[in-house]
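The lines below spell out each chain.
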Amino acid sequence: MAIVKAKEPKKHKKQTLGMKIMTIVLSVISVFYVAPVFFVLMNSFKSNAGISRGVFELPNAETFQGFQSYITGMFFGDFPFWQTILCSFFITVFGVALILVCTSMCAWYLMRSNSIICKIIYYFCIFSMVVPFQMVMFTLAKTADTLKLTNPVGILVVYLGFGAGLAVFMFSGFVKSIPIEIEEAANVDGAGPLRTFFGIVLPIMKPTFISVGILETMWIWNDYLLPYLILDKTYYKTIPIHIQYLNGSYGHTDTSAIMALIVLSIVPIIIFYFACQKYIIEGVVAGAVKG
Amino acid sequence: MFKKRNRLFFLIFVLPTFAAFIIGFIYPFFSGIYLSFCKFRTVSNAQFIGIDNYIKAFQNEGFLQSFWFTCVFVVLSVVLINLIAFAVAYILTLGIRGSNVFRTVFFMPNLIGGIILGYIWQQIFNGILQKYSTNLALNETYGFWGLIILMCWQQAGYMMIIYIAGFQSVPHDLYEAARIDGASKSQILTKVTIPMMAPSITICTFLTLTNSFKLFDQNLALTNGLPGVVGAGGTTIYKTEMIALNIYKTFYANQNSRGIGQAEAVIFFVIVVVIALAQLYFTRKREVQQ
């Protein structure tokens, strides 16, 4: 796996004039990059009247309304946002956990077995990565409906099925690089397949676990169409569904509340990003190079 | 490791994923292909009607419009994103001050979901356009460029990360050798760096290609296909609708056109497979050369 790290700015490396100019140019671009986030943050503190007067104006005494939008959006209305956050959180955490455990086991078995069925399953997994979601969306929603998978627990099964392709592919790629002698040695020492997998193979696969985990987390947390079509929306909403629902209700759009909810939904991601930035960037590169 | 008679371990290791895979992919995929040849409203009342849906799909003005819109969008966004990402990655590997901070900032938009990004940029663009008393929903040119700006803003950071990894994998002695031979900076870039970066360029090109082609969330949240005009056939044609959104609307806005929607989805799928095969071809070709 390529180790991605922007070259450490060497202390003694002389900064030429060109490089200084580049630093300034990139700083300006960086400001434009983070500006939309501050734009949302600023507007979330303004009243709706203040927003409609001009979205770029800083809040003043008249338009500033503090955390009122946060409180209204979070706890009031037909569908309080804290339930949405809980729902999104539940689906993401357990969906990723389920994918990691099941697909790593599956990938290991598929790679270590020579049966024709295993080969077929493996190639189907690779094939599924190419298929656009629109191809299966209608039939998948119907199937999920028939099998009563329209709740946050049931949707985990759908995510496992639809996310299996990438995960199995990445785990298989790693299993191929593990020397089989290690497992044979464990076998000779009397460890069964379960013990071999959980005691030996799983610890070796840790880097791939992190990569797959990051990629699947980014996907599930931000996914819109799949939960939109599958979940029973009278009871359950995920964050993207909720935002789109508020945005789509024309006429009575409470812009200030949407801004507040966007801030609330971005904050966990930004914290997550800064906490494991190194792994995220490595995971992305590993996924891109193999995918 | 496993012999064929090892049924028990097949059940433990493979079955959970395989069962979910059948529910989540294999069954929906094949029944989707079958339904594209049927007239249906729900799965249970499907009637086989042959290739009628495909003929209608190719006559559907909205679909053709979205197809061309998508093509133009894809070409422009792929070129722009890759140029920006390549340039920024190049600058960041020169060793300028604050490289790590810039890298962190440029990658950040990728973590925010398409729906939320689309909404944020909709507010920003409408805020700007308000001053000229217009908005995104009134003119397709604004919608198109809005989508381009949004995609560049989001994807350039991702591709930049891959390009940085590529730059760092170029062996240093190559640069030294070129310098000793008297190559200028621009010669080093075009004769050493870019050829050595070919794998990264292939990966990024195809990633941006498929991402732009399959774009849905951003399109839905930013313009939702607006503005719409009434076409020759009496149907409304949405000017900034991309293929994925068009298929979605053909399915769910009108129950009677579900068969056509499914046929369009199959066409879409075939196009994506062709792109993927092209990628495979280019990757293999390069591996042979090396």
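On a predicted model such as this, the values are computed, not experimentally measured, just so you know.

Draft legend 1. Expanded view of the confidence of the model for chain A. Summarising the model, chain A shows a mean pLDDT of 83, and 92% of its residues fall at 70 or more. Taken together, the stretch residues 7-12 of chain A has pLDDT below 50 and engages in eight contacts with residues farther than four places along the chain or on a different chain.

Draft legend 2. Focus on the interface of chain A and chain B. Tallying the contact residues gives 74 residues for chain A and 77 residues for chain B. Of all the elements, helix 1 (residues 17-44) of chain A adds the most residues to the side of chain A that touches chain B, at 10 residues. Among the residues making up the side of chain A that touches chain B, the classes are represented as 52 nonpolar, 16 polar and six charged.

Draft legend 3. Representation of the packing of helix 1 of chain A against helix 5 (residues 99-107) of chain B. Where helix 1 of chain A contacts helix 5 of chain B, the two axes come as close as 9 Å, and the packing angle between them is 30°. Classed by the angle they form, the pair helix 1 of chain A and helix 5 of chain B counts as roughly parallel. Here the hand of the crossing between helix 1 of chain A and helix 5 of chain B comes out left-handed. Counted together, Leu-26, Ser-30, Tyr-33 and Val-34 of chain A of helix 1 of chain A and Phe-102, Val-105 and Phe-106 of chain B of helix 5 of chain B form the full contact between these two elements. Grouping the constituent residues of the contact of helix 1 of chain A with helix 5 of chain B by class yields six nonpolar, one polar and no charged.

Draft legend 4. Main features of helix 1 of chain A. Relative to the 40 Å expected for 28 residues at 1.5 Å per residue, helix 1 of chain A spans 41 Å between its end C-alpha atoms, a close match to the ideal helical length. By the largest-angle criterion, Ala-35 of chain A marks the main kink of helix 1 of chain A, which is about 40°, and a proline, Pro-36 of chain A, follows within four residues. Buried residues of helix 1 of chain A: Leu-26, Val-40, Asn-43 and Ser-44 of chain A, and no others. Of the surrounding elements, those touching the buried residues of helix 1 of chain A are helix 2 (48-53), helix 3 (68-75) and helix 13 (255-275) of chain A together with helix 4 (61-92), helix 5 and helix 6 (114-130) of chain B.

Draft legend 5. Layout of unusual backbone geometry. All names here are of chain A. The backbone of Lys-148 shows a phi angle near 60°, a positive value even though the residue is not glycine. For Lys-148, the position within the fold is in the loop between helix 6 (133-146) and helix 7 (154-176). The class of Lys-148 is exposed, set by 9 C-beta atoms lying within 10 Å.

Draft legend 6. Geometry of the packing of helix 8 (residues 172-180) of chain B against helix 9 (residues 185-196) of chain B. All names here are of chain B. Packing of helix 8 against helix 9 leaves a shortest axis separation of 11 Å and a crossing angle of 160°. It follows that helix 8 is roughly antiparallel to helix 9 by the angle criterion. Between helix 8 and helix 9 lies a crossing whose hand is right-handed. Between helix 8 and helix 9, the residues in contact are Leu-174, Tyr-175 and Ala-178 and Ile-188, Val-192 and Met-196, respectively. Counted by class, the contact of helix 8 with helix 9 contains six nonpolar, no polar and no charged residues.

What counts as what
- Residues numbered from 1 in each chain as written.
- Chains lettered and ligands numbered in written order.
- Predicted model: local features only at pLDDT ≥ 70, side-chain atom pairs only at ≥ 80, totals over all residues.
- pLDDT = per-residue confidence, 0-100.
- Contact = placed C-beta atoms within 7 Å.
- Helix = DSSP H or I, 4+ residues; strand = E, 2+ residues; numbered from the N terminus.
- Nonpolar A, V, L, I, M, F, W, Y, C, P; charged D, E, K, R; others polar.
- Axes fitted to C-alpha atoms, helices over the stretch in contact; angles between N-to-C directions.
- Parallel < 35°, antiparallel > 145°, perpendicular 65-115°, else oblique.
- Left-handed = near helix turned anticlockwise from the far one by under 90°.
- Expected span 1.5 Å × (residues − 1).
- Bend = angle between axes of the 7 residues up to and from the residue.
- Buried ≥ 20, exposed ≤ 12 C-beta atoms within 10 Å, placed from the backbone.

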